[in-house]
Amino acid sequence: MAESLFGHVEPFAGDPILSLNDSFKADPRAEKVNLSIGVYTDEKGRIPVLGSVRAAYERIGFAERPYLPMDGHAGYREGVQKLVFGANHPALAARCVATIQTIGGTGAVGIAADFLAKHVPGRTVLVSDPTWENHHGLFQRAGFKTTTYPYWDRANRSVDFAGMVEALESAEAGSIVVIQPVCHNPTGVDLSEEQQAAVSDVLVAKGHIAVFDMAYQGFGTGVEADAAFVRRYAERASCLVANSFSKNLSLYGERCGGLSVVCRDADEAERVLGQLKLAVRRSYSSPPMTGGLLVAAVLGDDELRAQWTREVDEMRTRMDAMRKLLAERIRALSNGVDVDFLLSQRGMFSFTGLSEQRVRDMREKDGVYLVGSGRMCVAGLNEENVPKVAESFVAASQA
Ligand code: LMR
């Protein structure tokens, strides 16, 4: 070719989670263990196809596949609203919530960022320190500057609540604040109910715009309990809520999520819904159908929904059991290594406190993959791999 058009294009440094997952797949060692990406695997190390989802597949069959509307499948959107807010939430009764089907939880946060960039431009966006890396990227892509509020108290392996509140209080009024209401990624530590109330008070008093990213509903305490923070907040103030079905319906590759905007009244919600549809049209036109039908089928049927809730409970119970098992194994190997954090943190992730170098040691020496930040996905543990992980962890902790 005469000319290079793209010679200046820089190489992609890789994504700290997805690229690591690629490296894991390419690792030829048979005994490797993937505790990096947030994917739940069962006791045999497989991504489960939930019984409720299997039944939904049978129901949806080989129907025709027209385009879905820009805002998605109607039954899906209703299912999202009832799941996130609870069927009897006053905001739903007053038709104050605009909800769209999105391409996973990432798509929900992305459309939220696009919507906010257009309608409330120029605000500061605050995300927790640390957070899921992509929060920064998605809001920056939409044109925002992002900054952080303290969240992780390294010394006590808990929430730096005083630091968080102080940062939210001193942020410019009307800032956008991204909050993970349950099963915080990457730390595994959540706000207590009292802390949630206090944070809500600050958000409301400062006129901040809360964007809740709820990707793990059901993996903390239960499907209903995990939504309590969001539900209470939505009774007090407008907010945005992104949710995901990747983990709790084990539908990773189907890319199923939702975005709900809680508005002041029904008229505002209708206009907001219109603008969300426009944002979707400009980005990918309309969401995909198969996952949409599956989610709508599970959430829209009392029996399947009850079955699904039991399946979420089983996944959560198994993760909690694996936390205990790993803690026991580590204790059996060494008294000197602190494992309490495994038992107090919840959801898919635990923040181990291991440095990047120690994480690299575990990967290179033992084929045990954690994210560089020291995040361990406990949903990848099983009875077979726990002994190896425990040994690797103790060696890294004592190095
Ligand atoms: C994770 O944090 O590992 C998951 O949420 C997957 C992702 O998209 O990063």
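Just above sits the structure.
Below or above, wherever it landed, is the structure these notes cover. (Residues numbered from 1 in each chain as written. Predicted model: local features only at pLDDT ≥ 70, side-chain atom pairs only at ≥ 80, totals over all residues. Heavy atoms only, no water.)

With respect to the packing of aromatic side chains
Tallied over the full model, the rule gives nine aromatic pairs. Ring geometry for Y76 against F245: centres 5.7 Å apart, planes inclined by 90 degrees, an arrangement best described as edge-to-face. Placement of Y76 in helix α3 (residues 74–85) and of F245 in the loop between β9 (239–244) and β10 (256–262) is noted, with a sequence separation of 169 residues between them. Both residues of the pair, Y76 and F245, belong to the buried class. For the ring pair Y216 and F349, a centre distance of 5.7 Å and an interplane angle of 90 degrees mean the geometry is edge-to-face. Separated by 133 residues along the polypeptide, Y216 in the loop between β8 (209–214) and α9 (228–236) and F349 in strand β11 (residues 349–351) bring together distant segments of the chain. (Phe/Tyr/Trp six-rings, centres within 6.5 Å; stacked < 30°, edge-to-face > 60°. Helix = DSSP H or I, 4+ residues; strand = E, 2+ residues; numbered from the N terminus. Buried < 20%, exposed > 50% of the residue type's maximum accessible area, 1.4 Å probe, protein only.)

Details of helix α6 (residues 134–141)
By the burial criterion, the buried members of α6 are H135, L138 and F139. For α6, the angular spread of the buried residues around the axis is 90 degrees, confining them to a single face. Here the buried face of α6 lies against α5 (104–119), β3 (124–129), β4 (145–150), β7 (176–179) and β8. G143 sits one or two residues past α6 and shows a positive phi near 105 degrees. (Arc of directions from axis to C-beta. Contact = heavy atoms within 4.5 Å.)

A look at the nonpolar core
Core analysis: the largest hydrophobic core is formed by 80 residues, its most contacted members being F85, Y149, F212, F245, W308 and M348. The biggest single contributor to this core is helix α11 (residues 289–299), with eight residues. Counting residues in hydrophobic clusters, the runner-up holds 31 residues, among them I100, V125, I176 and V280. (Core = buried A, V, L, I, M, F, W, Y, C linked by side-chain atoms within 4.5 Å.)

Overview of the sheet that holds β4
Spatially, seven strands are ordered β2-β10-β9-β8-β7-β3-β4 in an open sheet, and the strand pairing comes out mixed. Each edge of the open sheet carries a strand with a single partner, namely β2 (97–103) and β4. Neighbouring strand axes in the sheet, compared pairwise and without regard to direction, differ in orientation by 20 degrees on average. With two bridges connecting them, β3 and β7 associate as parallel partners. Within β7, the residue paired with V125 across the bridge is I176. Each of β7, β8, β9 and β10 is contacted by α9, which is oriented at about 155 degrees to β8, the strand it contacts most. Strand contacts of helix α10 (residues 266–283): β2 and β10, with the helix running at about 15 degrees to β2, the strand carrying the most contacts. (Pairing = 2+ DSSP bridges. Axes fitted to C-alpha atoms, helices over the stretch in contact; angles between N-to-C directions.)

A word on the environment of R331
Among the structural elements, R331 can be located in helix α12 (residues 302–333). Judged by its relative accessible area of 39%, R331 is partly exposed. Here the alpha-carbon distance between R331 and A390, two residues 59 residues apart in the chain, equals 8.9 Å. Discounting chain neighbours no more than four positions away, the residues touching R331 are V339, D340 and L343.

Considering the state of the cysteines
Evaluated as defined, the whole model comprises zero disulfides. Distance from the sulfur of C256, which forms no disulfide, to the nearest cysteine sulfur (C183) is 20 Å. Take C256: its relative accessible area is 1%, and that puts it in the buried class. (Disulfide = S-S within 2.5 Å.)

Regarding the site of the ligand
Taken together, I17, I37, G38, W132, N185, Y216, K247 and R375 make up the full set of residues near the ligand. One of the side-chain nitrogen or oxygen atoms of W132 is found 2.9 Å away from an oxygen atom of the ligand. Contacts to the ligand include K247, whose side-chain N or O atom sits 3.0 Å from an oxygen atom. Here the ligand has 260 Å² of accessible area as a free molecule, and 84% of this is covered by the chains. (Near = heavy atom within 4 Å. Polar contact = N/O pair within 3.5 Å; in protein donor to acceptor, adjacent residues only side chain to side chain. Areas by Shrake-Rupley, 256 points an atom, 1.4 Å probe, with all protein chains shown as cover.)

Description of the pattern of salt bridges
Going through the model one piece at a time under the given rule, you end up with 16 salt bridges. Where R141 meets D114, a salt bridge forms, and the shortest distance between an N and an O atom there is 3.6 Å. Within this pair, whereas R141 is found in helix α6, its partner D114 is found in helix α5, the two being separated by 27 residues in sequence. Residue classification places R141 among the exposed positions, given a relative accessible area of 55%. Here D114 falls in the partly exposed class, since its relative accessible area comes to 25%. Note that E224 and R305 form a salt bridge whose closest N and O atoms lie 3.1 Å from each other. Taken together, the residues span a long stretch of sequence, with E224 in the loop between β8 and α9 and R305 in helix α12 at a distance of 81 residues. Under the relative-accessibility criterion, E224 is labelled partly exposed at 40%. (Salt bridge = Lys/Arg side-chain N within 4 Å of Asp/Glu carboxyl O.)

With respect to the packing of helix α2 (residues 51–60) against α12
Packing of α2 against α12 brings their axes to within 8 Å, and their N-to-C directions diverge by 150 degrees. By the angle between their axes, α2 is roughly antiparallel relative to α12. Contacts between α2 and α12 involve G51, S52, A55, A56 and R59 from the first element and L304, Q307, W308 and E311 from the second. (Parallel < 35°, antiparallel > 145°, perpendicular 65-115°, else oblique.)

Regarding the pairing of β10
Summarising burial for β10: seven of the seven residues are buried, a large majority. Side chains C256, G258, S260 and V262 of β10 all project onto a buried face; the interleaved residues G257, L259 and V261 project onto the opposite face, where all are buried too. In this structure, β9 lies alongside β10, joined through six bridges in antiparallel fashion. Each bridged residue has a counterpart across the sheet, and for V241 the counterpart in β10 is S260.

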